[in-house]
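# Fold and geometry: a report
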Amino acid sequence: MNRIYLDHAATTPIHPSVKEKMREVMEESFGNPSSIHHFGRESRKRLDEARMTMANSINANYESMIFTSGGTEANNLAIFGLAYANRKKGNHIITTQIEHHAVLHPCEQLEREGFDVTYLPVDENGMVDIMDVKKALRKDTIFATIMFVNNETGMKQPIHMIGNLLRSKGIPFHTDAVQAYGVEEIDVEELKIDLLTASSHKIYGPKGVGFLYKRDGINIAQRLFGGEQERTWRSGTENTLAIEGFKKAVEVLNDERQQRVDHYEKLSHQLIHSLNEKGVQYEVNGKLDSEHKVPNILNLSFPGMDVEIFLTNLDLSGVAVSSGSACTAGSIDPSHVLKAMYGEDSPKLRNSIRFSFGMDNSVEEMEQVADRIEMIVNRLSSNV
Ligand SMILES: Cc1ncc(COP(=O)(O)O)c(C=O)c1O
């Protein structure tokens, strides 16, 4: 059976050039970048170059980049860091109901500590309304954290408008751009983003590394105390090997981004086309157009299906996809994102699947996936 991996929003394989680079680094370099001798200086030079590559990728200042262990740590650093640094100024935080748990759970923790958090709703397409952001602003609002692209639906939020609004009010704006970084051109100056999270393993780099961009002048409280690496914002010897891998992944991304986007669009269109041809019943969760959605994520609802049984059957047929929602102790929690879009009674919460495409997927594979979906839907429907 040929296995087809369509879960690239969960993680991507490591790109061959990244593997090659990491092998080379393992052979050639091991110094601690904080050491002042030759070995340390060599490692520091590599780290500085990686920092420059990352900064350039979002039009940021070199000194604004903080390497972290990934998206989760970067989000936590931004959210707790901003909250604790601004405690005297105010108590109110704005976020949305559709954030990744790496944002929602820190916000919930801050609520337990006495902060007041507004969770903005979304419309049935999974979009935040700029007017809701405006209405939520208060005198004691200390920052807003609103994701760039949703990881379940692929829907792009109105980041430019939000950035402009918050900058005009002097309120720091953090965005979790983990799912945007591999497909969108991001310019933090133009978009007026003050803090931004990215993660390596979503863009064909190694796991366990990411960065937080923090604009100069934005104050965050230190969370890790120790050797004062990353200009004190993130103590701990930098994961130089993973950072080199991440750097390579960004270089390849810079060269290939448009090609990737075009390819994902083709794959998505083919899957939709093949499902239509076979008459499989489905509905798109969110919108399909490229203005509102990234092309590598497609969330479909299959009326009458049960997501757990559907996912298991797809896996048995060799198709690896995800429900987009969390698996806890072997069972699947209904998605908080779809709940925000459709309400908690919607059957879509229990019959939706996230397909996320990658560079290794082919158009022919999309036809095969549609075949397998058709077979499973017919079999499961006739069992009802
Ligand atoms: C939107 C979003 N934010 C944050 C994360 C967490 O990133 P990491 O796995 O690097 O901790 C993910 C990963 O699924 C994500 O999709």
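Because the structure is a prediction, the values reported are computed rather than measured. (Residues numbered from 1 in each chain as written. Predicted model: local features only at pLDDT ≥ 70, side-chain atom pairs only at ≥ 80, totals over all residues. Heavy atoms only, no water.)

Here we come to the nonpolar core. If you look at the biggest cluster of nonpolar residues, it comprises 90 residues, and the most contacted ones within it are Phe211 and Phe355. Of all the elements, helix α8 (residues 240–278) adds the most residues to this core, at 12 residues. Not counting the four nearest positions on each side in its chain, phenylalanine 211 is found in contact with Met54, Ile58, Met65, Ile66, Phe67, Thr68, Ala74, Tyr181, Leu196, Thr197, Ala198 and Phe246. If you look at the next biggest cluster of nonpolar residues, it comprises 21 residues, including Ile66, Ile79, Leu195 and Ile220. (Core = buried A, V, L, I, M, F, W, Y, C linked by side-chain atoms within 4.5 Å. Buried < 20%, exposed > 50% of the residue type's maximum accessible area, 1.4 Å probe, protein only. Helix = DSSP H or I, 4+ residues; strand = E, 2+ residues; numbered from the N terminus. Contact = heavy atoms within 4.5 Å.)

Once that is clear, we can look at the side chain of serine 352. Relative to the elements of secondary structure, serine 352 occurs in strand β14 (residues 352–356). Polar side-chain contacts of serine 352 include one of 2.9 Å to the side chain of asparagine 285. At 2.7 Å, the side chain of serine 352 forms a polar contact with the backbone oxygen of lysine 348. Discounting chain neighbours no more than four positions away, the residues touching serine 352 are Asn285, Asn299, Leu300, Ser301, Val307, Ser323 and Leu338. (Polar contact = N/O pair within 3.5 Å; in protein donor to acceptor, adjacent residues only side chain to side chain.)

It is worth spelling out helix α9 (residues 307–316) at this point. Of all the residues in α9, the buried ones are Val307, Phe310, Leu311, Asn313 and Leu314. The arc enclosing the buried residues of α9, seen along the axis, measures out at 165 degrees, which places them on a common side. Of the residues flanking the start of α9, the one acting as N-cap is aspartate 306, its side-chain oxygen 3.1 Å from the backbone nitrogen of glutamate 308. Of the residues trailing α9, glycine 318 is marked for its positive phi of about 95 degrees. (Arc of directions from axis to C-beta.)

Attention now moves to the sheet that holds strand β6 (residues 173–176). Spatially, β2-β8-β7-β6-β5-β3-β4 is the arrangement adopted by the seven strands of the open sheet, whose pairing is mixed. Edge positions in the sheet fall to β2 (65–68) and β4 (116–120), since each has one partner strand and no second. Neighbour-to-neighbour, the strand axes of this sheet turn through a mean angle of 20 degrees, independent of strand direction. Across three bridges, the pairing between β6 and strand β7 (residues 195–199) is parallel. What sits directly across from histidine 174, in β7, is leucine 195. Helix-sheet contacts for helix α4 (residues 101–112) involve β3 (92–96), β4, β5 (141–145) and β6, and the interaxial angle to β4 is about 145 degrees. Against the sheet, helix α6 (residues 159–169) touches β5 and β6, its axis set at about 160 degrees to β6. (Pairing = 2+ DSSP bridges. Axes fitted to C-alpha atoms, helices over the stretch in contact; angles between N-to-C directions.)

How big an interface is tends to be stated in terms of accessible area lost as the parts join. Each assigned domain of the protein is listed with its residue range as follows: domain 1 (4–12 + 257–383) and domain 2 (16–251). Each of domain 1 and domain 2 has a C-alpha centre, and the two are 28 Å apart. In this complex, domain 1 contributes 34 residues to the contact, which on the side of domain 2 involves 31 residues. Buried surface at the junction of domain 1 and domain 2, summed over both partners, amounts to about 2700 Å²; 51% is from carbon and sulfur atoms. Per-residue buried area on domain 1 facing domain 2 is highest for Thr12, Arg257 and His336; these three make up 23% of the total on that side. On the surface where domain 1 and domain 2 come into contact, there are one salt bridge. With a closest N to O distance of 3.9 Å, arginine 257 and glutamate 185 form a salt bridge. Here domain 1 and domain 2 share 16 residue pairs in polar contact (both at pLDDT 80 or more) between them. (Domains from an automatic or database assignment. Buried area = accessible area lost by both parts, 1.4 Å probe. Salt bridge = Lys/Arg side-chain N within 4 Å of Asp/Glu carboxyl O.)

Opposite charge on two side chains makes pairing possible when the charged atoms of those side chains draw close. Counted under the stated rule, the structure contains 22 salt bridges. Put simply, Glu28, Glu42, Arg46 and Glu244 are held in one network by salt bridges that share partners.

Here we come to the site of the ligand. Taken together, 13 residues lie near the ligand, and Gly71, Thr72, Asp176, Ser199 and Lys202 sit nearest. At 2.8 Å, a backbone N or O of glycine 71 approaches an oxygen atom of the ligand. One of the side-chain N or O atoms of glutamine 179 is found 2.8 Å from an oxygen atom in the ligand. Burial of the ligand by the protein amounts to 86% of the accessible area it has alone, namely 390 Å². Residue contributions to the shell around the ligand peak at three residues, all from helix α3 (residues 71–85). Among the residues making up the shell around the ligand, the classes are represented as two nonpolar, nine polar and two charged. (Near = heavy atom within 4 Å. Areas by Shrake-Rupley, 256 points an atom, 1.4 Å probe, with all protein chains shown as cover. Nonpolar A, V, L, I, M, F, W, Y, C, P; charged D, E, K, R; others polar.)

Another point: the sheet that holds strand β10 (residues 297–301). Strand order in the open sheet formed by three strands is β9-β10-β14, with antiparallel pairing between adjacent strands. Across the chains shown, the open sheet's two edge strands, defined by having one partner strand only, are β9 (283–284) and β14. Bridge count for β9 against β10 is two bridges, and the pairing is antiparallel. In the strand pairing of β10, glutamate 283 is matched with serine 301. Along the sheet face, α8 touches β9, β10 and β14 and points at about 20 degrees away from the line of β10.

Our next topic: the packing of aromatic side chains. Scanning the model with the defined rule gives six aromatic pairs in all. Both rings, one in phenylalanine 80 and one in tyrosine 84, keep their centres 5.9 Å apart while their planes meet at 40 degrees; by these two values the pair is tilted. You can see phenylalanine 80 and its partner tyrosine 84 sitting in helix α3, four residues apart, about one turn around the helix. Look at phenylalanine 80 and you get buried, because its relative accessible area is 7%. A relative accessible area of 25% places tyrosine 84 in the partly exposed class. Relative to phenylalanine 211, the ring of tyrosine 181 has its centre 5.5 Å away and its plane inclined at 90 degrees; by these criteria the two rings are edge-to-face. Taken together, the residues span a long stretch of sequence, with tyrosine 181 in the loop between β6 and α7 (188–191) and phenylalanine 211 in strand β8 (residues 210–214) at a distance of 30 residues. Comparing tyrosine 181 with phenylalanine 211 shows no difference in burial state: the two are buried. Counting every residue linked through ring pairs, the aromatic cluster contains Tyr181, Phe211 and Phe246. Its end group placed over the ring of tyrosine 342, lysine 348 keeps NZ or CZ at 4.3 Å from the ring centre. (Phe/Tyr/Trp six-rings, centres within 6.5 Å; stacked < 30°, edge-to-face > 60°. Lys NZ or Arg CZ within 6 Å of the ring centre and 35° of its normal.)

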